[in-house]
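In case you want the letters, here they are:
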Amino acid sequence: MSLHAEHFSERSPLYRLHQDAQLNALGDSCIVSNYGAGDERARAAHCGLLDLSNLARVGFRGAASAAYLEARGYQLPAVPNQALSQADGSQVLRMSQAEYLLLGSLQDTGARVRQEELAWQFDDTPNYLLPRQDSHAWLLLSGTCQAEVMAKLCGVDLRAEAFPVGSVAQTSAARINVIIANLPLGELPCLHILCDRASADYFWGALLDAMQEFGGQPVGLDALR
Amino acid sequence: MKIMPCPLNGPRNISEFTYGGELNAMPDSATCTDAEWADYVFNCENRVGVVTEWWMHNASSYWFLAERHTGSDEILRTFDPKEVFTQRVDFHAPAQEVRS
Amino acid sequence: MSAQDRLPAPLGLLIDRNAPLTFQFDGKPLQGLAGDSIASALLANGRWLLSRSFKYHRPRGPLSMAGQDANTLVQLPDEPNVLADMQPLAAGQTVTGQNYAGSLDKDRDAVLGHFSTFMPVGFYYRSFFKPKGMWKIWEPLIRKKAGLGVLDLNFQPQYHDKAFLFTDLAVIGAGPAGLSAALAAANAGAKVLLIEQQPYLGGALAWARFDIEGQRGGQLREELLAAVESHANIRILKDATCNAWFTDHYLPVIQGNRLYKVRARQCIVAAGAFDQPVVFRNNDLPGVMLTSAAQRLIKLYAVKPGQRAVLLTGNDDGYLAALDLHEAGVEVAALVDMRSQPIEGRLVTALQTRGITCHSASTVYEALGERHLQAVDIRRISAEGEVAPHSTRIDCDLLCMSAGYMPVYQLLCQAGGKLAYDDASAAFTLSGLPAGLQVAGSVSGRHQLDNVLRDGSDAASRALLALGLASSSEAGDYLAEAPVNFPWPIFAHPKGKEFVDFDEDLQVRDILNATRHGYRDVQLVKRFSTVGMGPSQGRHSALPTARLVAKATGRSVSETGVTTARPPFVAEKLAHIAGRGFDPYRQTAMHQRHLELGAKMMPAGAWQRPAYYGKPEKRDACMQAETRHVREKVGMIDVSTLGGLDVRGPDAAELLNRLYTFAFSKQPVGRSRYALMTNEHGVVIDDGVCARFADRHFYVTATTSGVDRIYQQMLKWNAQWRLDVDITNITAALAAVNLAGPDSRQVLATLCSDVDLSAEGFPYLGVRQGKVAGIPARLLRVGFVGELGYEIHVPARYGEALWDALMEAGKAFDIRPFGVETQRLLRLEKGHVIISQDTDGMTSPAEIDMNWAIARSKPFFIGKRSVEILEAQPLLRKLVGFSLPSGSAQPLEGHLVLKGPDISGNVTSCEYSQTLGQIIGLAYCAPDQATPGQSLPIRVEGGAVVQATVVKLPFYDPDNQRQEL
């Protein structure tokens, strides 16, 4: 039986837009493997868009968050608005002096970061969990055209010379707030964009519209591997 | 469009920010006169010169302070409010205030 | 003339002689070439009359050939007011003239010109408003004659968009100065964006003549282009107009259907200068054009601009242009120099050897001809602006005029630059530019080609220093500049028609009349006479106007100044400003389920919410049915849009104490408490509930529209208070439903086993955490709609699954979803206010009977002092419930409540309640009208007054028994 997003109780806000795509299990949910038409790998290298909303992510904030995360084996960026890739492919984004955002790795289908969300206990230490998987959708804009695509939506200079690998920007794109991180997957240039989950349908459309002049289209996970 | 240097996010288009009014010390609401309170709530000096203002970076919900010249619109400095608000503020019942 | 009749190559830089294009003008089929503008193609066909002037319907032809005048505005089928000298010719294009009655050649309205004596400047202001009421009669007649072009109301909008473009250095203008600057900067490592309005690079190098031999411009252009076009650091935008300068070098650049929002770290304006017309009688006659326009026609389009020409000049460049015309096979009948002699003596010899007569210290006093130039009347200049009586008539079909150059100062003045006029050199200078903005070339008064190039590289050098790409900036030596402006190129004629402003048909006397009316300030002259208000925005009229006003008011031009230059530089379409348009919307996790269930959606801020489920024409029936279902069985509403804030930490209760009017320190864990927020003015701004899930954890709800603002204000306050607390906006992170109705407990019980749902175990206002259908949930017992009910909040990723599970479980209980409009009716029956619907920017807690929600013993909450001050004063109004019999006219929100002849309040909510069998509502009224049982006059639609009855709230279940089951 082929997978269907509604078989899972955890659902991406965008799952209906991938109705005809081939799906793959991802943690307690699923992700698009491919759309089954054209060379998605080439598309991803040029201008592709992937919905990663079902991949685990979680935030922590508070005076004790840095120590908490370090104790759990994470390396933390030294300054705000920087990201640091972990050995297992997870990413730690530093959002402010005392706030961190963990992005799950495709290598373990987000298992480690998902575990962080489950393991956290509310106690007296100033380390507060932020439900980023639920508050934000996660889109991945891949390929060499990414800066030009984003220039149509966003006032921050995202060209590689101004926004090198590991940079994080909290800004506005297509008139909604977004978090953008430049975190390539291997050789593939990738902007990871987190936007308000409730605005995901709107933002997905705005991105595809901006990608159109570059021939950009959605891609599945297979194209990244 | 003007660029605002955000202490957290660096220089950004000013459309990414929300103005939060002038930094204006609140009088002790328990002891001040009605006139003093009304002056604080309703009046603004609107003077030409360097003023300190609240600004918030929308995407990060980060509040900071900016020194801006209202004549030239030049932003001279932006900084974290911790520079001004160095410690916890507490309010006390007016009766205690009178006694102390 | 057809494509074959063009001047020989290498003339015709822009055209492709092998690509003829057929088009139509005013119904006649014509041929042009690819690369032509509409205007050049028309002139190649001998068609000079392109439009009729705005006021007098005078025949007009091309003036600048560079898009700087309104003479060439033509109509395309789907677009009016297209500049024919900028618009590329397209195959099959249908072009018509504008602003005429009958035909362009025989315009019936041309007769208006004969009445010009009776239509003096300020005519409209002074003639049509007296006696009172006359404007109403005149307006439709004037409207019919006013305006240019015809809108195609069936046009299909095209896709327009915007894009940011980031660069180290923006160079505006790709003439010799711009090319030189771009190259110097790029060579030093700067990323350069070179912006050129025309479809070719090189500016005047492409069409002007810089020496007697006529070789230098073309050679230099080729050298510069070879370097610039291949440079990896230079991005070229041609056909691109930088339409403004905004703070911090933010430049809107229009290219095609896109508006680039250029953000440059440094900026060099090398925009050049505008050739200036001479003001004399009939200087607007087709066949009279700027000298540069004739040169553009020859060099860019290989179009011979006339058979027999006269040149009228105020500087040496006119002599060089005469050589261009001569070489293009135009018979140059005379060169008329307004000065006594040229600065470069060799020019006279050069002309004489070619048999061209020079008239010095002379001017054209009048252009003769009906629809096209036939001859000019040449006179000796006897004094400033005056001529000798002796007249020399020369037959010609082309008059090239140039009085000098006006810097393209528009962007620079927008940037704060101050324009000063040097009366000695009759030229403008600029000062006071902001940091990072440089000027180069003729815009900064450099006209000698070597100076221009040097100026470009020097400007680049200054920019490089600022960019940190050079350690010092050098400034070279410059050759002396000869004057290029003739100081008084204005020759008034007793019969008038010496046009100062072609767009607005303003003659010398119109400007002088304005000063006689007392308008001494050039800004007031502009507003009174409309000079400079037309499409060309004073490019040709600002200088003569300044000179005329200066002279008439006995001042210097420096004292008079010119009018303010504001964006945009050229007319821009609203489509460019709008771009593709971004209109964000937010959808809850259950959004698709609502659509599948046939919900009528309504906006709530950016959110889309179900109003009710059913067809709009059945609104009332749907609402009543949904209401009855909630009252009698069980209903479910998506309340995900409700604001949600987690407040955590040791000071969580203390923070809420300060933000909300109630006290929260002693609130038990597992309970919720109503939370009302006032601002510093004591005005009610938001409400919600504070649910205490742990000693240090409150979950606070806020209104859908208010939560973002409330969250920001909380952060701002705590940036000052420094309380040990974390505030998180989790609105989008939680999906939520309110399961309400007598059967709601039973529905929930089928899905929730880890919470004691009994009335004792989970009473009204209790809050719990547990699992619903296996999904981690926050459960709140609330009473907003006045029935037993549970708000169930879950992580958004599970929202749809939760909805599905509850709908499935509710089947046995005949569950039915209900929408926002139904919820509003339900809560109205319970008399609950909705903040911002039933409150406004003045509402104090006492006015809405919320005094019970204020903890007065607290030392502080945000609105405390103001609330106290307000409470010490008499109440001015009160929100009350009212009812009307079911058959009565139903008041709408906003309808007025009356007290005698006065307005005492307004209706804020009103709906028919089937439950109660009457119309119920909330309204503000005077305090002495607020006693239950009193009659409340409300003026409804159409002006009728209905007598409502004040009712004690709530309307429904006054003892609140149902919600506390």
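Residues numbered from 1 in each chain as written. Chains lettered and ligands numbered in written order. Predicted model: local features only at pLDDT ≥ 70, side-chain atom pairs only at ≥ 80, totals over all residues. Heavy atoms only, no water.

In the nomenclature of an unreviewed UniProt entry, chain C corresponds to Sarcosine oxidase subunit alpha from the organism Pseudomonas cuatrocienegasensis. Under Sequence similarities (unreviewed entry), UniProt gives the following word-for-word description of chain C: "Belongs to the GcvT family." (UniProt positions renumbered as here; feature names shortened; annotations may be inferred.)

Taking an unreviewed UniProt entry as the reference, chain B is identified by name as Sarcosine oxidase subunit delta belonging to Pseudomonas cuatrocienegasensis.

(A) Spotlight on the overall build of chain B. Looking only at helices and strands, chain B has 2 helices and 6 strands in total. Secondary structure elements of chain B occur, N-terminal to C-terminal, as β-β-β-α-β-β-β-α. On C-alpha atoms alone, chain B measures out to a radius of gyration of 16 Å, which is more than a quarter above the 13 Å that the 2.2 N^0.38 rule sets for 100 residues. If you take every contact in chain B between residues at least 6 apart in sequence, the share linking residues at least 24 apart comes to 45%. For chain B, the exposed surface amounts to about 5500 Å²; the carbon and sulfur share of it is 50%. The positive charge centre, built from 8 side chains, and the negative charge centre, built from 15, are 7 Å apart in chain B. (Helix = DSSP H or I, 4+ residues; strand = E, 2+ residues; numbered from the N terminus. Rg over C-alpha atoms; globule rule 2.2 N^0.38 Å. Contact = heavy atoms within 4.5 Å. Areas by Shrake-Rupley, 256 points an atom, 1.4 Å probe, with all protein chains shown as cover. Lys, Arg positive; Asp, Glu negative; His and termini not counted. Charge placed at Lys NZ, Arg CZ, Asp CG, Glu CD.)

(B) Main features of the pattern of salt bridges. Tallied over the entire structure, the rule returns 76 salt bridges over all chains. For Arg586(C), the salt bridge identified is with Asp196(A), shortest N-O distance 2.7 Å. In this pair, Arg586(C) is assigned in the loop between helix H15 (574–578) and helix H16 (591–596) and Asp196(A) in strand S12 (residues 190–196), connecting two distinct chains. Judged on exposure class, the residue Arg586(C) and its partner Asp196(A) are both buried. A salt bridge links Asp337(C) to Arg339(C), with the nearest nitrogen and oxygen atoms 3.1 Å apart. Since its relative accessible area comes to 0%, Asp337(C) is described here as buried. Put simply, Glu6(A), Arg11(A), Arg16(A), Arg593(C), Glu596(C), Glu800(C) and Asp804(C) are held in one network by salt bridges that share partners. (Salt bridge = Lys/Arg side-chain N within 4 Å of Asp/Glu carboxyl O. Buried < 20%, exposed > 50% of the residue type's maximum accessible area, 1.4 Å probe, protein only.)

(C) Seen up close, the interface of chain C and chain B. Contact with chain C, which involves 29 residues of that partner, is made by 31 residues of chain B. When chain C packs against chain B, close to 2700 Å² is buried across both sides, 56% of that on carbon and sulfur atoms. Counting every contact that joins chain C to chain B gives 3 salt bridges. Across the pair Arg658(C) and Asp90(B) runs a salt bridge whose closest N-O atoms are separated by 3.1 Å. Along the contact surface separating chain C from chain B lie 16 residue pairs in polar contact (both at pLDDT 80 or more). Sorting the residues of the side of chain C that touches chain B by element identifies helix H18 (652–659), helix H19 (707–721) and helix H23 (864–871) of chain C as the ones contributing at least two each. Here the side of chain C that touches chain B takes 9 residues from H19(C), the largest share from any one element. Partitioning the side of chain C that touches chain B into residue classes produces 13 nonpolar, 6 polar and 10 charged. (Buried area = accessible area lost by both parts, 1.4 Å probe. Polar contact = N/O pair within 3.5 Å; in protein donor to acceptor, adjacent residues only side chain to side chain. Nonpolar A, V, L, I, M, F, W, Y, C, P; charged D, E, K, R; others polar.)

(D) Structural detail: the sheet that holds strand S41 (residues 789–795) of chain C. Residue and element names in this part refer to chain C. Spatially, S39-S40-S41-S38-S32-S42 is the arrangement adopted by the 6 strands of the open sheet, whose pairing is mixed. Where the open sheet ends on each side, the last strands, each with one partner, are strand S39 (767–772) and strand S42 (816–817). Sheet topology places strand S32 (residues 635–638) next to S42; 2 bridges connect them, and they run parallel. In the sheet register, Gly-635 faces S42, and the bridge partner there is Arg-816. (Pairing = 2+ DSSP bridges.)

(E) Structural context of the UniProt feature "domain: FAD/NAD(P)-binding" (unreviewed entry) in chain C. As annotated in UniProt, the feature "domain: FAD/NAD(P)-binding" (unreviewed entry) corresponds to residues 168–417 of chain C in the numbering used here. End C-alpha to end C-alpha, residues 168–417 of chain C measures 22 Å, and it is 24% helix and 34% strand.

(F) Focus on the packing of helix H11 (residues 508–516) of chain C against helix H13 (residues 542–552) of chain C. All names here are of chain C. Running from N to C, H11 and H13 point in directions that differ by 45°, and their axes come no closer than 10 Å. Comparing the axis directions of H11 and H13 gives the class oblique. Pair H11 / H13 crosses with right-handed handedness. Mapping the contact onto sequence places Val-508, Ile-511, Leu-512 and Thr-515 in H11 and Thr-545, Leu-548, Val-549 and Ala-552 in H13. Of the residues contributing to the contact of H11 with H13, the split by class is 6 nonpolar, 2 polar and no charged. (Axes fitted to C-alpha atoms, helices over the stretch in contact; angles between N-to-C directions. Parallel < 35°, antiparallel > 145°, perpendicular 65-115°, else oblique. Left-handed = near helix turned anticlockwise from the far one by under 90°.)

(G) The side chain of Arg797(C), seen in detail. Considering the arrangement of structural elements, one finds Arg797(C) in the loop between S41 and helix H21 (799–810). A distance of 3.0 Å separates the side chain of Arg797(C) from the side chain of Glu117(A), its partner in a polar contact. For Arg797(C), the contacting residues outside a window of four places in its chain are Ser9(A), Glu10(A), Arg11(A), Arg114(A), Glu117(A), Gln133(A), Asp134(A) and Arg197(A).

(H) Representation of the packing of H18(C) against H19(C) in the model. Residues and elements named next belong to chain C. Remark: H18 packs on H19, axes separated minimally by 11 Å, with the N-to-C direction vectors making an angle of 115°. With respect to each other, H18 and H19 are oriented roughly perpendicular. By crossing handedness, the relation of H18 to H19 is classed as right-handed. Only Met-714, Trp-717, Asn-718 and Trp-721 of H19 make contact with H18, whose side of the interface consists of Leu-655, Arg-658 and Leu-659.

(I) The UniProt feature "domain: GCVT N-terminal" (unreviewed entry) in chain C, seen in detail. The UniProt feature table records "domain: GCVT N-terminal" (unreviewed entry) at residues 590–858 of chain C. For the annotated span residues 590–858 of chain C, helix accounts for 26% and strand for 30% of the residues, and the straight-line distance between the end C-alpha atoms is 41 Å.

(J) Broad picture of helix H7 (residues 317–327) of chain C. All names here are of chain C. Across the 11 residues that make up H7, a large majority, 8, are buried. Among the residues of H7, Gly-318, Tyr-319, Leu-320, Ala-321, Ala-322, Leu-323, Asp-324 and Leu-325 are the ones counted as buried. Contact partners of the buried residues in H7: helix H6 (291–301), strand S16 (308–313), strand S17 (331–337), helix H8 (346–353), strand S18 (358–359) and strand S23 (398–402). The first or second residue beyond H7 is Gly-329, which carries a positive phi of 85°.

(K) Molecular detail of the packing of aromatic side chains. In total, this model carries 24 aromatic pairs over all chains according to the counting rule given. Between Tyr660(C) and Phe664(C), the ring centres sit 6.2 Å apart and the planes meet at 75°, which makes this aromatic pair edge-to-face. Both residues of the pair, Tyr660(C) and Phe664(C), count as buried. Among the aromatic residues, those joined into a ring-pair cluster are Phe91(B), Trp717(C), Trp721(C) and Phe860(C). Over the face of the ring belonging to Phe662(C) we find Arg673(C), whose NZ or CZ atom lies 5.8 Å from the ring centre. Its guanidinium or amino end placed over the ring of Trp63(B), Lys716(C) lies 5.3 Å from that ring's centre, counting from NZ or CZ. (Phe/Tyr/Trp six-rings, centres within 6.5 Å; stacked < 30°, edge-to-face > 60°. Lys NZ or Arg CZ within 6 Å of the ring centre and 35° of its normal.)

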